[in-house]
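Here's the letter readout for the chains.
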Amino acid sequence: MEALKSGQIHTALTEGYSSEGYGVARVNGAVVFIPQAVRGETIDLQITKVMKTHAFGRIAKIHSPSQERAAPDCPHFGKCGGCNFRHLSYQEELWAKRQRVQDALTRIGGSGVQVEEILGAKNPNHYRNKCQYPVGPQGETGFFQARTHQVVPVERCLLQPEACDRTAGAVRGWMKRYRIPAYDEKTGKGLIRHIYVRTNRRGESLCCVVAAGRKVPREAELAALVLAAAPKTVGVVLNVNTKKGNVILGEQYRTIWGQNFLMDTLRGLEFKLSVPSFYQVNRDQAEVLYGKALEFAALREDETALDLYCGAGTITLCLAGRAKRVIGAEIVPAAIRDAKENAKRNGVKNAEFFCGDAAETAAMLEAEGLRPGLITVDPPRKGLSPEVIAATAAMEPERIVYISCDPATLGRDVKLFAGYGYRAVRAAAVDMFPGTAHVETCVKLLRGSL
């Protein structure tokens, strides 16, 4: 095999997509990843970087553009690290995501389950109900460039509701008017680190300013400017984060104006959301995802269900309407407080919640003799630890419904569950994050399934 060298130009066929949304081609037997290449296109690519197992390239010429290629509708595409697929038709984006999930389940998971469908979004723009804007050292706000902490200034984002962008602009204007310094993560000096905005179905918003100090100047003026920009704002909150690193939120909160929570409805239930509460960022698609999870759960009225990583109790309370008893577990105390309030608010009396590590809580419940008919898991991107999988299997549920935001860790965990006698029997993907390479998956596992 002839070695690739940086600067070389080769003609190749784009065969598919990587997990990060790059086009994939093969040159002299080596895999080359090319940003914004489209499946089925023959291109001239220039090698830009050579690694031990693969290489990166850029498009030098497109010989035959694909019908699925689209003109990017955002001037920041390719600079900002937020979107991966604005150069594709939406149908091609859905194909890429479904194939990614199938490859992970087959190649990593060793499973024969087929991804039945990918459920696309009716509205692929302006869907995010949680918006996080990093603040650059000069007070600019926007989003990080891919693989860096360099802020790309963005005043209008196609993924965010307009009210969130207006709120970020108001905080930016407040900083400029009153000369309030931005935080510089290189020096550790400065004050304002992030702007964090939640919105709900009614268009109301909750603004949180993340600062490297317990006080900020001109708080009344900050609240007034935010309200002027987004009149449906219900509260302005200060979060204190004095630690170095890339964790956005600190542990201390103080309400500057209004309330420190937001109400929203999901699948007919009402939820109270504080700033740190986990809540799916695409409400409409979350309803689709949870509907698929309930279908896979196939709960009976006499059963007990356990929901690990329950967040503010969204899935738990959806399960409660179809089970005798539901138990939710979550490590974030504020989320558990919200979950308990959400259960009370919705008149759900057959749900209980535990605050603790998933593995420890599962092991405790197993030791107490809990034998639920169903266990649902919705872990963070890193997936489940071997201890959680072992404790889950030890309770011998008939069914496990695994909701995943990372196909690779899902595939890994499906393979580990197989070692305990659980087999994936159904799988569906849901496009929770249009425009990006992220995809949600719902998998049903059965104990003793052949």
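Heads up: the structure comes first, above all this text.
Quick caveat, the model's predicted, so the values are computed rather than measured. (Residues numbered from 1 in each chain as written. Predicted model: local features only at pLDDT ≥ 70, side-chain atom pairs only at ≥ 80, totals over all residues. Heavy atoms only, no water.)

Caption draft 1: Looking closely at the side chain of Asn342. Relative to the helices and strands, Asn342 resides in helix α6 (residues 333-345). Of the residues examined, Asn342 reaches a relative accessible area of 0% and is grouped as buried. From its side chain, Asn342 meets the backbone oxygen of Ala312 in a polar contact 2.9 Å long. Every residue in contact with Asn342, bar those within four places of it in the chain, is listed here: Glu270, Phe271, Lys272, Ala312 and Leu317. (Helix = DSSP H or I, 4+ residues; strand = E, 2+ residues; numbered from the N terminus. Buried < 20%, exposed > 50% of the residue type's maximum accessible area, 1.4 Å probe, protein only. Polar contact = N/O pair within 3.5 Å; in protein donor to acceptor, adjacent residues only side chain to side chain. Contact = heavy atoms within 4.5 Å.)

Caption draft 2: Just the sheet that holds strand β20 (residues 374-377), in detail. One open sheet accounts for 8 strands, arranged β7-β22-β23-β21-β20-β17-β18-β19; its pairing is mixed. Strands at the two margins of the open sheet, each flanked by one partner only, are β7 (115-119) and β19 (351-355). Direction aside, the axes of adjacent strands within the sheet are offset by 20° on average. As paired strands, strand β17 (residues 304-308) and strand β18 (residues 325-330) are joined by 5 bridges and run parallel to one another. Residue Leu306 lies in a different strand from β18, and its bridge partner there is Ile327. Of the strands in this sheet, β7, β22 (422-430) and β23 (440-447) touch helix α1 (residues 90-108), which is tilted by about 145° from β7. (Pairing = 2+ DSSP bridges. Axes fitted to C-alpha atoms, helices over the stretch in contact; angles between N-to-C directions.)

Caption draft 3: Region of the structure containing the pattern of salt bridges. Tallied over the entire structure, the rule returns 26 salt bridges. As a salt-bridge pair, Glu41 and Arg69 come within 2.8 Å of each other at their nearest N and O atoms. Separated by 28 residues along the polypeptide, Glu41 in the loop between β4 (30-34) and β5 (42-50) and Arg69 in the loop between β6 (54-62) and α1 bring together distant segments of the chain. With a shortest N-O distance of 2.9 Å, Asp413 and Arg412 are connected by a salt bridge. Assessed through its relative accessible area of 0%, Asp413 is described here as buried. Salt bridges sharing partners connect three or more residues here, namely Glu116, Glu117, Lys292, Glu295 and Arg426. (Salt bridge = Lys/Arg side-chain N within 4 Å of Asp/Glu carboxyl O.)

Caption draft 4: Representation of α6. Taking 1.5 Å of rise per residue, the 13 residues of α6 would be expected to cover 18 Å, and the 18 Å separating its terminal C-alpha atoms lies within 8% of that figure. Along α6, the positions that sit buried rather than exposed are Ala334, Ala335, Ile336, Asp338, Ala339, Asn342 and Ala343. Remark: Gly347 follows α6 within two positions and exhibits a positive phi of approximately 65°. (Expected span 1.5 Å × (residues − 1).)

Caption draft 5: Expanded view of the layout of surface pockets. Its boundaries defined by the atoms lining it, the second largest pocket holds a volume of some 500 Å³. Tyr17, Ser18, Ser19, Asp103 and Arg107 are, among the 18 residues lining the second largest pocket, the residues nearest its centre. Secondary structure elements with two or more residues in the lining of the second largest pocket: β2 (16-17), β3 (23-27), α1 and α9 (407-418). When residues of the lining of the second largest pocket are assigned to their parent elements, the largest contribution, 8 residues, is made by α1. (1 Å grid on protein atoms, 1.4 Å probe; cavity = no way out; pocket = protein on both sides within 12 Å on 5 of 7 lines; lining within 4 Å. Points joined across faces, edges and corners; volume = space filled by probe spheres on them.)

Caption draft 6: A look at the environment of Leu445. Secondary-structure assignment places Leu445 in strand β23. Setting aside residues up to four positions removed in sequence, Leu445 forms contacts with Glu398, Arg399, Ile400, Tyr402, Phe417, Tyr422, Arg423 and Ala424.

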